[in-house]
Amino acid sequence: MTRRRWLVGGVGIAAIAAGAGVAWWRYRPGEMSELEGTLWPLSFQTPVGTQLAMGSLRGRPLLLNFWATWCPPCVEEMPLLDAFFRQNAAKGWTVLGLAIDQPSAVRTFLQRTPVSYPIGLAGMQGTELTRALGNKVGGLPFTVVVAADGSVRQRRMGRVSEADLKAWSQLA
């Protein structure tokens with residue numbers, strides 16, 4: 001009986017270790033190759049009708065925020081993101097909001113609540129992109145911080161805080 005307990009215990013510990021290893025691997029900071037075929041080839045229309053090529057943002061730190069007009073935490077964090085952009089643009093940072101929403105709703109919202117940083121219209125394509133970038137549940141808001149070398153430094157599900165932004169500004 002003691003052997004059986006040791007065997008079951010050992011298998012349990014091995015399963016826990018394997019699960020922890022898989023979780024770490026899935027949510028670890030990524031490398032440039034992670035974004036190579038996922039983010040940089042994409043292009044999004046802006047609310048004013050121009051195209052925003054993601055490849056044009058390579059080589060500098062990027063805070064990529066997925067949001068929607070109908071998402072209260074998304075709307076609540078927009079002034080923080082706008083302040084972060086204004087404070088860190090001179091240091092090379094770009095903030096990009098990708099709206100997972102109807103273009104007309106985004107345009108109306110931005111007329112009432114303008115922001116300084118660029119907005120792209122991702123639509124439902126944005127939901128798939130969030131999943132490809134590590135948002136397995138597809139919730140909003142979702143933020144990804146990409147360093148100048150293209151590596152993913154942070155992923156955040158939910159509303160960002162001033163403390164998050166302060167810490168992230170050091171990642172450039």
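Owing to the predicted nature of the structure, the values given are computational and were not obtained by experimental measurement. (Residues numbered from 1 in each chain as written. Predicted model: local features only at pLDDT ≥ 70, side-chain atom pairs only at ≥ 80, totals over all residues. Heavy atoms only, no water.)

*Asks:* Help me out: how do you make sense of the pattern of salt bridges in this one?
*Replies:* Any two side chains of opposite charge can pair, given that their charged atoms come close. As enumerated under the stated definition, the model contains five salt bridges in all. For Arg-131, the salt bridge is made with Glu-128, and the minimal N-O distance between the two is 3.5 Å. Within this pair, Arg-131 and its partner Glu-128 are both found in helix H5 (residues 123-132), separated by three residues, close to a single helical turn. Arg-131 sits in the partly exposed class, given a relative accessible area of 31%. Note that Arg-156 and Asp-164 form a salt bridge whose closest N and O atoms lie 2.7 Å from each other. Classification of Arg-156 as partly exposed rests on a relative accessible area of 28%. (Salt bridge = Lys/Arg side-chain N within 4 Å of Asp/Glu carboxyl O. Helix = DSSP H or I, 4+ residues; strand = E, 2+ residues; numbered from the N terminus. Buried < 20%, exposed > 50% of the residue type's maximum accessible area, 1.4 Å probe, protein only.)

*Asks:* Even after reading the chapter, I still don't get the packing of helix H3 (residues 72-88) against helix H6 (residues 162-169), so can you show me in this structure?
*Replies:* Contact pair H3 / H6: the axes reach a minimum separation of 10 Å and the direction vectors enclose 25 degrees. With respect to their mutual orientation, H3 and H6 come out roughly parallel. Relative to H6, H3 is oriented so that their crossing is right-handed. Touching Leu-80, Leu-81, Phe-84 and Asn-88 of H3 are Glu-162, Leu-165 and Ser-169, all from H6. Considering only residue class, the contact of H3 with H6 consists of four nonpolar, two polar and one charged. (Axes fitted to C-alpha atoms, helices over the stretch in contact; angles between N-to-C directions. Parallel < 35°, antiparallel > 145°, perpendicular 65-115°, else oblique. Left-handed = near helix turned anticlockwise from the far one by under 90°. Contact = heavy atoms within 4.5 Å. Nonpolar A, V, L, I, M, F, W, Y, C, P; charged D, E, K, R; others polar.)

*Asks:* Please clarify how unusual backbone geometry should be interpreted in this entry.
*Replies:* What you tend to see is this: most non-glycine residues have negative phi, and most peptide bonds are trans. Leu-140 connects to Pro-141 through a cis peptide bond whose omega is -10 degrees. In this structure, Pro-141 sits in the loop between H5 and strand E6 (142-146).

*Asks:* Just checking my understanding: could you explain the state of the cysteines for this structure?
*Replies:* Cysteine pairs can be linked by a disulfide, which is a covalent bond between their two sulfur atoms. Within the structure shown, the criterion is met by one disulfide. A disulfide bridge connects Cys-71 with Cys-74, and the sulfur atoms are separated by 2.3 Å. Here the S-S torsion is close to 75 degrees, and the disulfide linking Cys-71 with Cys-74 is therefore right-handed. For the pair shown, Cys-71 and Cys-74 are each scored as buried. (Disulfide = S-S within 2.5 Å.)

*Asks:* Any chance you could explain the nonpolar core here in plain terms?
*Replies:* A general trend in soluble globular proteins is that nonpolar side chains are found buried together. Judged by nonpolar contacts, the single largest core of 23 residues is most densely connected at Leu-63, Trp-67, Leu-81, Val-95, Val-106, Tyr-117 and Leu-165. Put simply, the parts of the chain that give this core at least two residues each are strand E3 (62-67), H3, strand E4 (94-99), helix H4 (103-112), strand E5 (119-121) and H6. Top element by residues in this core is H3. It accounts for six residues. When sequence neighbours within four positions are dropped, the list of residues in contact with Leu-81 reads Leu-63, Asn-65, Val-95, Tyr-117, Val-160 and Leu-165. With 21 residues, the next largest nonpolar core counts Leu-35, Trp-40, Leu-62 and Leu-96 among its residues. (Core = buried A, V, L, I, M, F, W, Y, C linked by side-chain atoms within 4.5 Å.)

*Asks:* How should I be thinking about the packing of aromatic side chains in this particular structure?
*Replies:* Two aromatic rings, taken as a pair, are described by how far apart their centres are and by the angle between their planes. Under the counting rule described, the total for this entry stands at four aromatic pairs. With centroids separated by 5.2 Å and ring planes inclined at 75 degrees, the aromatic side chains of Phe-84 and Trp-93 adopt a geometry described as edge-to-face. We note that Phe-84, like Trp-93, is buried. (Phe/Tyr/Trp six-rings, centres within 6.5 Å; stacked < 30°, edge-to-face > 60°.)

*Asks:* Sorry if this is basic, but what is going on with H5 here?
*Replies:* For H5, the set of buried residues is Gly-123, Gly-126, Thr-127, Leu-129 and Thr-130. Buried residues of H5, viewed axially, fall in a sector of 165 degrees; they line one side. Seen from the buried face of H5, the exposed residues on the opposite side, beyond 90 degrees, are Met-124 and Glu-128. Following H5 by one or two positions, Gly-134 adopts a phi angle in the positive range, close to 115 degrees. (Arc of directions from axis to C-beta.)

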